[in-house]
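Fold and contact review
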Amino acid sequence: DLSTVDVILISNYHCMMALPYITEHTGFSGTVYATEPTVQIGRLLMEELVNFIERVPKAQSASLWKNKDIQRLLPSPLKDAVEVSTWRRCYTMQEVNSALSKIQLVGYSQKIELFGAVQVTPLSSGYALGSSNWIIQSHYEKVSYVSGSSLLTTHPQPMDQASLKNSDVLVLTGLTQIPTANPDGMVGEFCSNLALTVRNGGNVLVPCYPSGVIYDLLECLYQYIDSAGLSSVPLYFISPVANSSLEFSQIFAEWLCHNKQSKVYLPEPPFPHAELIQTNKLKHYPSIHGDFSNDFRQPCVVFTGHPSLRFGDVVHFMELWGKSSLNTVIFTEPDFSYLEALAPYQPLAMKCIYCPIDTRLNFIQVSKLLKEVQPLHVVCPEQYTQPPPAQSHRTDLVIDCQPPATSYRRAEVLTLPFKRRYERIEIMPELADSLVPMEIKPGISLATVSAVLHTKDNKHVLQPPPRPAQPTSGKKRKRVSDDVPDCKVLKPLLSGSIPVEQFVQTLEKHGFSDIKVEDTAKGHIVLLQEAETLIQIEEDSTHIICDNDEMLRVRLRDLVLKFLQKF
Amino acid sequence: MPEIRVTPLGAGQDVGRSCILVSIAGKNVMLDCGMHMGFSDDRRFPDFSYITQSGRLTDFLDCVIISHFHLDHCGALPYFSEMVGYDGPIYMTHPTQAICPILLEDYRKIAVDKKGEANFFTSQMIKDCMKKVVAVHLHQTVQVDDELEIKAYYAGHVLGAAMFQIKVGSESVVYTGDYNMTPDRHLGAAWIDKCRPNLLITESTYATTIRDSKRCRERDFLKKVHETVERGGKVLIPVFALGRAQELCILLETFWERMNLKVPIYFSTGLTEKANHYYKLFITWTNQKIRKTFVQRNMFEFKHIKAFDRAFADNPGPMVVFATPGMLHAGQSLQIFRKWAGNEKNMVIMPGYCVQGTVGHKILSGQRKLEMEGRQVLEVKMQVEYMSFSAHADAKGIMQLVGQAEPDSVLLVHGEAKKMEFLKQKIEQEFRVNCYMPANGETVVLPTSPSIPGGISLGLLKREMAQGLLPEAKKPRLLHGTLIMKDSNFRLVSSEQALKELGLAEHQLRFTCRVHLHDTRKEQETAMRVYSHLKSILKDHCVQHLPDGSVTVESILIQAAAPSEDPATKVLLVSWTYQDEELGSYLTSLLKKGLPQAPS
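Residues numbered from 1 in each chain as written. Chains lettered and ligands numbered in written order. Predicted model: local features only at pLDDT ≥ 70, side-chain atom pairs only at ≥ 80, totals over all residues. Heavy atoms only, no water.

Residue and element names in this part refer to chain B. Taken in spatial order, the 6 strands make up an open sheet running E14-E13-E15-E12-E16-E19, and their pairing is parallel. Across the chains shown, the open sheet's two edge strands, defined by having one partner strand only, are strand E14 (305-308) and strand E19 (383-386). Neighbour-to-neighbour, the strand axes of the sheet open up by a mean angle of 25°, direction not taken into account. Sitting on the sheet, helix H7 (residues 214-230) touches strand E12 (234-238), strand E15 (319-323), strand E16 (347-350) and E19, and the angle it makes with E12 is about 140°. Along the sheet, helix H8 (residues 244-259) contacts E12, strand E13 (265-268), E14 and E15; its crossing angle with E15, the most-contacted strand, is approximately 165°. (Pairing = 2+ DSSP bridges. Helix = DSSP H or I, 4+ residues; strand = E, 2+ residues; numbered from the N terminus. Axes fitted to C-alpha atoms, helices over the stretch in contact; angles between N-to-C directions. Contact = heavy atoms within 4.5 Å.)

Shown next as structure tokens:
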């Protein structure tokens, strides 16, 4: 029930594509927190998605296939799809805008108080512009949520690891999809395959998202094309948000790596694609219609979406170039299986190169990170605790930590393995002044506290107790029940033991005579024969049995208390 | 007694060379490090000997914070860090870090190359100084050390201007730098949350002014410019390269476009293009409208405004020229002013505040015969207009910010003493907080009483909360517990837990009193009578009659026994622990009075 969710923390722009479904139709009324680049680029990704889908309007929509009995009869992989009944239509731009308007913008290392009870802080995760890990902490507990992080030096600000230290629990997710591929090697392969194809007069198609890795690819090409003698080959970037994406990338200097940041101080645009555009090497178009058809020259390199090859302008290029073996499609986005993406286009003459570039953490980096950060417990999705099904012999492809990670599955509720013991409290200076500490052991002092607890917005403040009201001079005759003592004045607990001999001496000093001491199994009995009083003294208890003589009892009480410590 | 100490080394009852020392909970922070435009001797920089007489700057200061790139807030920085010597961190926002060194270099050039000053900081010193800078994001909490943290808030005023919160434990100070509470054509309004600092240090440039609406001033400005160029006059607008200049450019650009005017507008070269570029790259720091439309049309790419060449000043015909610097104290703006001053058709519009001693200040105060260098006397015939486009908060804005932040006290800097006095009274009246306005070198001491943070065991807290929820508990309840203090770590736990933690056994002190009653009935009946008697009196307490014949009041046990020697007397044994002392003592005295006569 999403109406019970108070807060949504967004890690990066890929992790917010479903946000309109939550904020618009579920009764969710909490707050969403995200960084500014996350929101702006997230908006672009959603805008592209909505635009692509709306280009292919469907007069009718079929929904009978969602019925379980019918789904069962469909061919694989359709029949194996899970929870088909929850599948929804794509949202509209209106819903996107409404959803995004509900997001609160935050900056890295900003401490955000939630209901006075916990504090959340986004930290740079190094994966994408504005991508964050989150720390959720109270004064005594700290949970880190690490999602989609990268230790590689690409364009975003490097990952903040130091702030993750001292976590009670570290939730780890969003690791690389391709743990066996090295992103740097893949970039090299990408460039060489691209050069090879273009030299042979073929075209290169790069299905991609409109933001993210494409910035790095363009930067690589910027350095590569001149040395490879390809500077005359046009680069086309086709997306409804191509222009916005390129422009936005230049204004988030504060979220970029140090190298790019210092460029802004010159002042120069942080990404070299500004120069590619200026020199007409890179051109961008909202779609293949319009200007693009006039400017289109082959051979060329086209960056366009959607990487699933199911919709968007990429479909046209697959059909246009698929029949020639001169052309190449290069898959760089790791989110989709390239074989499945290509399935409907088979048979295909064009070359297919798979160089997935996923900069997120691999398992070796994870072990390094965990050693560095040393969380008490690690929690992660079940998949990361066993080798991938396709490579079941690769036992190195799991999270390795001590104690073993706690795993979770979809829709499972997990109790985090720590117990809350303390909460923050503020002691008012007036109260602190009135306390009388007493050193019990070296370095440890105690003080008994009687105070008024004020709790507001989950903040606790101890204030000095109100002064006892002055007894009103007795105009009214007190009724008996008025005298009933207020049991709210609590007596402290006692500790210690009473040395019998000294106690007897003290009694004598205070005028008691005729004292007899008897030994018992557990202690002593002190008899005050004159007063018909019996005091049983044991290791940790004292029992005074006397006649109803309040004066006497109080005297004895005070003598006993002298030997005991109060708490 | 803990206290916060504030000493302005500059900007105390003055505008210029902002530099304020703050000591809070044992940490020393320097806020801004500016120069004074009105002086060219030692007085242009703050007097750092106040600190250095007792030691090195680096040892004394925990950090330096620069609020924005105006020279009266950062102009002394290279002198301070490289010549006096400071190696600690200097905090500022990204745009400030980008633009600050350029303005410093510009300032250095004018001072050294044009005025020929010796013993001034060098370009290398500016570079070395900037290496000590740590850039901060808006709202980022920067941990300077384990205890001291700072946080930047958006201040409007100029690109990258920020207000800073300085916090140690539960004590905090907010320094506003210069700020603007109304959004303008290119920047947003300052904003701060209700952070309730112990002290708010605010600028007070316009302490007594309440400005009319921005729209009126803009219309006025455009009208004056338009009228002058219509009748063939030249308009000179002295500005600083960054800030007001961009706002007025946007204003004129849109006006020219709308009115389809052809009169040339120039912007004195040098910084201009670079400056506009900074605005383009730091567009996230501008206002909502510009940020939204920048992909389609970047407001900082001007069509009508062209670069100025020195030769243009002698061109015939009307023109509008933006020239630096803004107070007519040196450089291109002063050169053009000298050329045009003699013609009554021309106009100079001063869009901002002018520091005493500058030409700008002189002509604004009505002086029409100016003594220039070389004993020349310049007669000013051109029209002189003043329009307050300075992006400072006016009196209303300052009050608004005080209301937003809810400080315990306010301290005024960066303003004129007389005006401050007025604002001080107003703040004290309206917010009922203390307001200070120290002069340079004068120290304000504010005692604080920070509460002491500690932990409370969840068990104790939950117990208290559960009882606090009972409807009868309207009056304040007392919480009892034991505070364990170990290495300056405070934890409040229930007394039982404290004993357990320290490995101490509880010592139970129990009393049993014999109360003799005259009663001939059987023990059980006596007990029954005791029960009904107590039940009728102790309405608020739990009185029970147990099956074994004993009576309990809360945890106090009462048993009736018959001593063998006297059947007419019964002995009540009342037994309680020390924790029930009051109730036990009360019960015995109550029972001593005897039981009411039983109904027969």
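More follows now that the structure is in view.
Turning our eyes to something else, we now look at the packing of helix H13 (residues 395-405) of chain B against helix H14 (residues 417-431) of chain B. How two helices sit against one another is set out by the angle between their axes and by the gap between those axes. Residues and elements named next belong to chain B. The interhelical angle for the contact between H13 and H14, taken along N-to-C directions, is 40°, at an axis separation of 11 Å. Of the possible angle classes, the one that applies to H13 and H14 is oblique. In this structure, the crossing between H13 and H14 has a hand that is right-handed. Seen from H13, the contacting residues are Ala395, Ile398, Met399, Val402 and Gly403; seen from H14, they are Leu423, Lys426, Ile427, Glu430 and Phe431. Of the residues contributing to the contact of H13 with H14, the split by class is 7 nonpolar, 1 polar and 2 charged. (Parallel < 35°, antiparallel > 145°, perpendicular 65-115°, else oblique. Left-handed = near helix turned anticlockwise from the far one by under 90°. Nonpolar A, V, L, I, M, F, W, Y, C, P; charged D, E, K, R; others polar.)

Enumeration according to the criterion identifies 4 cavities of 30 Å³ or more in this entry. Reported here for the largest cavity is a volume of approximately 200 Å³. Around the largest cavity, the lining is made up of 18 residues, and of these His14, Tyr127, Gly212, Val213 and Glu333 of chain A lie nearest the centre. Looking at the lining of the largest cavity, its residues break down into 7 nonpolar, 6 polar and 5 charged. Forming the walls of the second largest cavity are Phe308, Arg310, Ala313, Gln332, Gln335, Ile336 and Lys339 of chain B. (1 Å grid on protein atoms, 1.4 Å probe; cavity = no way out; pocket = protein on both sides within 12 Å on 5 of 7 lines; lining within 4 Å. Points joined across faces, edges and corners; volume = space filled by probe spheres on them.)

What follows deals with the UniProt feature "domain: Beta-Casp" (unreviewed entry) in chain A. UniProt records the feature "domain: Beta-Casp" (unreviewed entry) at residues 214-342 of chain A, using the numbering of this structure. The span residues 214-342 of chain A is 43% helix and 12% strand, and its two end C-alpha atoms sit 21 Å from each other. (UniProt positions renumbered as here; feature names shortened; annotations may be inferred.)

Take helix H16 (residues 550-561) of chain A next. Residues separated by three or four positions in an α-helix point in the same direction, a consequence of the helix having 3.6 residues per turn. Its 12 residues give H16 of chain A an end-to-end C-alpha distance of 16 Å, which sits within 8% of 16 Å, the value for a rise of 1.5 Å per residue. Among all positions of H16 of chain A, only Leu552, Arg553, Leu556, Arg557, Leu559, Val560 and Leu561 of chain A are buried. (Expected span 1.5 Å × (residues − 1). Buried < 20%, exposed > 50% of the residue type's maximum accessible area, 1.4 Å probe, protein only.)

Moving on, we come to the side chain of Thr23 of chain A. All names here are of chain A. Counting through the fold element by element, Thr23 comes out in helix H1 (residues 19-25). The exposure class of Thr23 is buried, given its relative accessible area of 6%. There is a polar contact of 2.8 Å between the side chain of Thr23 and the side chain of Glu24. (Polar contact = N/O pair within 3.5 Å; in protein donor to acceptor, adjacent residues only side chain to side chain.)

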